[in-house]
Amino acid sequence: MSEQNRLIIFDTTLRDGEQSPGASMNLAEKLEIAHALRELGVDVIEAGFPIASPGDFEAVQAIARQVHGPIICGLARCNADDIDRAWEALRDAERARIHVFLATSAIHREFKLRMAKEEIVRRAVDGVRRARDYCADVEFSPEDAARTELDFLAEVVERTIEAGATTINIPDTVGYAVPEQYAATIRYLKQNVRGIDRVVISVHCHNDLGLAVANSLAALREGARQVECTINGLGERAGNCALEEVVMAVRTRNDYFQLETRINTKRLCPTSRLVSHVTGISVQRNKAIVGQNAFAHEAGIHQDGLLKERRTYEIIRPEDVGLTQTELVLGKHSGRHALRERVRELGYHLNDEQFERVFEAFKVLADRKKVIYDADIEALAEAQIHAEPALWKLEGFTVSAGTGGFPMAAVCLRHPEGHKLQDAACGDGPVDAVFQTIERITGLDVKLKDYQVRSISGGEDAQGEARVEVEHQGRIFRGTAVSTDIIEASALAFLQAINRVVLRRQARLNPQTELVQG
Ligand code: KIV
Ligand code: ZN
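Residues numbered from 1 in each chain as written. Chains lettered and ligands numbered in written order. Predicted model: local features only at pLDDT ≥ 70, side-chain atom pairs only at ≥ 80, totals over all residues. Heavy atoms only, no water.

Chemist: For this particular structure, what's the right way to read the overall build of the protein chain?
Modeler: When its secondary structure is counted, the protein chain shows 17 helices and 16 strands. Its C-alpha atoms give the protein chain a radius of gyration of 25 Å, within 12% of the compact-globule value 24 Å for 518 residues. Expressed as lengths along the three principal axes of its C-alpha atoms, the size of the protein chain is roughly 75 × 65 × 45 Å. Looking at the protein chain residue by residue over its 518 residues, the buried ones come to 56%. Considering only intrachain contacts with a sequence separation of at least 6, the fraction spanning at least 24 residues in the protein chain is 66%. By element, 48% of the accessible surface of the protein chain is carried by carbon and sulfur atoms, the whole surface being about 23,100 Å². Computed over 64 positive and 77 negative side-chain charges, the inter-centroid distance for the protein chain is 1 Å. (Helix = DSSP H or I, 4+ residues; strand = E, 2+ residues; numbered from the N terminus. Rg over C-alpha atoms; globule rule 2.2 N^0.38 Å. Buried < 20%, exposed > 50% of the residue type's maximum accessible area, 1.4 Å probe, protein only. Contact = heavy atoms within 4.5 Å. Areas by Shrake-Rupley, 256 points an atom, 1.4 Å probe, with all protein chains shown as cover. Lys, Arg positive; Asp, Glu negative; His and termini not counted. Charge placed at Lys NZ, Arg CZ, Asp CG, Glu CD.)

Pasting the structure below:
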């Protein structure tokens, strides 16, 4: 692969992706995702914005120290404190990058920054120079570049290259661009900026008009060689360019793009599942590449064509993106070693203590369920990733439901201080009754915003996954849990969301505590 044809994949799931409402992750979750991104083969991991919070700093530092292979990048505004803090977090990385940004568009200059053009150029140059004093790899982003006057954009880019930037990123911060125009911006910069051939041109597109992937691809045709993207297209508002889509577009249409990435595409679906599990944000069924329906053919004519020759209706083989047939992998008599191997093959990095808990849960599950699929093992492994302190715990519950009666639930919880509390309530249905009882016991009033249940593997004894989204004081908190009993899964998911509300409250009382989901 020649350098000319190499496309650098810059993943910002842990930074821009985490800016999705309710998608914040704790340290253990970020580390697990960073390891998964390394295995996926991304070139750069933007691990966070170190000055934003102590939790962000700690996560960038931990990833810089523990995740080897990709470049680890930290974001900073163009000021000394941000850049110094970013470097402090990144300094132990095998390969580090500081990413500095400053808005350049007229609307940002006038209303947000209240700065004249000269001031913007001066600060951008100073920021890049300061970052270069620490680190040889510096990326500069003129925020809202897609709405910036082209001549001014070119001036800022030229001056930051002179100051030492090694990658120039052109963000479409508000998802305003359309493909031809965005591509023309890249062309203009290539034609009008001295020194542009010395740096990598990067693209960073938001999806407000549903054009993030299309805009990114159009820019690649003009010579951009780094694409900034997130797993499942997670990100602010409508999200960022979806990694799995841009990667599979250049791979499937290699005849057109003639670009290569280092992505192990077989890790796309498992990584997507992991990110969805950790953030609690479901992937829409018809989402390209990683959606549940992405490879489902319904029409008879299509099914007939596929049976005769797959390529009639299939441009990507499901196995190439890691979509395996649900397999029976292990059973009641499988040992520790076989389970450990399978967990590793599925891409999880559990320590001994976490693995022992998975093994215990596996034995309990094997008693309840005849066959255990990969999806079951993934659910057991994922339940260990959160590593949040256990606060309220479910001790037990009973529900009564049926037509013509009053659905009721009795629930027993263990208080964070150790004693048990129980109560009962009626509801619109058994799940509602359980949720109401949990609210009564914990004394926390939350508003249920979303509730979903799905089967995670095949068969009549399949496990159900419940996802719950609640709102408390204007913030979103999510919970996910799996069980062969969907009411139990629902109660556990609801309790996880409640525990996150409690953790958030504790963190606010003690700002040194790491913030978790919410
Ligand atoms: O969208 C944006 O402009 C950003 C920058 C910080 C690169 O995320
Ligand atoms: Zn962004």
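Chemist: Even after reading the chapter, I still don't get the side chain of Glu382, so can you show me in this structure?
Modeler: By the element assignment, Glu382 lies in helix 15 (residues 374-382). A polar contact of 2.6 Å, which involves the side chain of Glu382, links it to the side chain of Tyr348. If near-sequence neighbours (up to four positions away) are discounted, Glu382 is found in contact with Arg273, Leu274, His277 and Tyr348. (Polar contact = N/O pair within 3.5 Å; in protein donor to acceptor, adjacent residues only side chain to side chain.)

Chemist: I would appreciate a short explanation of the sheet that holds strand 1 (residues 8-11) in the present structure.
Modeler: As a general point, the strands of a sheet are linked pairwise by backbone hydrogen bonds and lie either parallel or antiparallel. Read around the barrel, 8 strands follow the order 1-2-3-4-5-6-7-8 and close on themselves; strand pairing throughout is parallel. Neighbour-to-neighbour, the strand axes of the sheet open up by a mean angle of 25°, direction not taken into account. By the bridge criterion, 3 bridges tie strand 7 (residues 200-205) to strand 8 (residues 226-229) in an arrangement that is parallel. Following the sheet pairing, Val203 is matched in strand 8 by Val227. (Pairing = 2+ DSSP bridges. Axes fitted to C-alpha atoms, helices over the stretch in contact; angles between N-to-C directions.)

Chemist: When you look at the packing of aromatic side chains in this model, what are you seeing that I'm missing?
Modeler: In this description, an aromatic ring pair is defined by two values, namely the gap between the centres and the angle between the planes. A full pass over the atoms with the stated rule returns 7 aromatic pairs. When the ring of Tyr256 is compared with that of Phe257, the centres are 5.0 Å apart and the planes differ by 85°; the resulting orientation is edge-to-face. Residue class for Phe257 comes out buried when judged on its relative accessible area of 13%. With 6.4 Å between their ring centres and 20° between their planes, Phe359 and Phe362 make a pair best called stacked. Here Phe359 and its partner Phe362 are both found in helix 14 (residues 352-368), 3 residues apart, which amounts to about one turn of the helix. (Phe/Tyr/Trp six-rings, centres within 6.5 Å; stacked < 30°, edge-to-face > 60°.)

Chemist: How should I be thinking about the domain arrangement of the protein chain in this particular structure?
Modeler: Bring the parts together and some accessible area is lost; that lost area is often taken as the interface size. Domain annotation for the protein chain reports domain 1 (3-279), domain 2 (297-321), domain 3 (328-385) and domain 4 (393-509). Between the C-alpha centres of domain 2 and domain 3 the distance comes to 32 Å. (Domains from an automatic or database assignment.)

Chemist: It is not clear to me how the coordination of the zinc ion (ligand 2) should be interpreted in this structure. Could you clarify?
Modeler: Protein coordination at the zinc ion (ligand 2) comes from Asp16 (OD), His204 (NE2) and His206 (NE2), with a distance range of 2.0 to 2.1 Å. Site description for the zinc ion (ligand 2): donor spacing in sequence, D-x187-H-x1-H. Taken as a pair, Asp16 in the loop between strand 1 and helix 1 (27-40) and His206 in the loop between strand 7 and helix 8 (212-221) lie far apart in primary sequence, 190 residues in all. Assessed through its relative accessible area of 4%, His206 is described here as buried. (Donors = N, O, S within 2.8 Å, 3.2 Å for Na, K, Ca; no water.)

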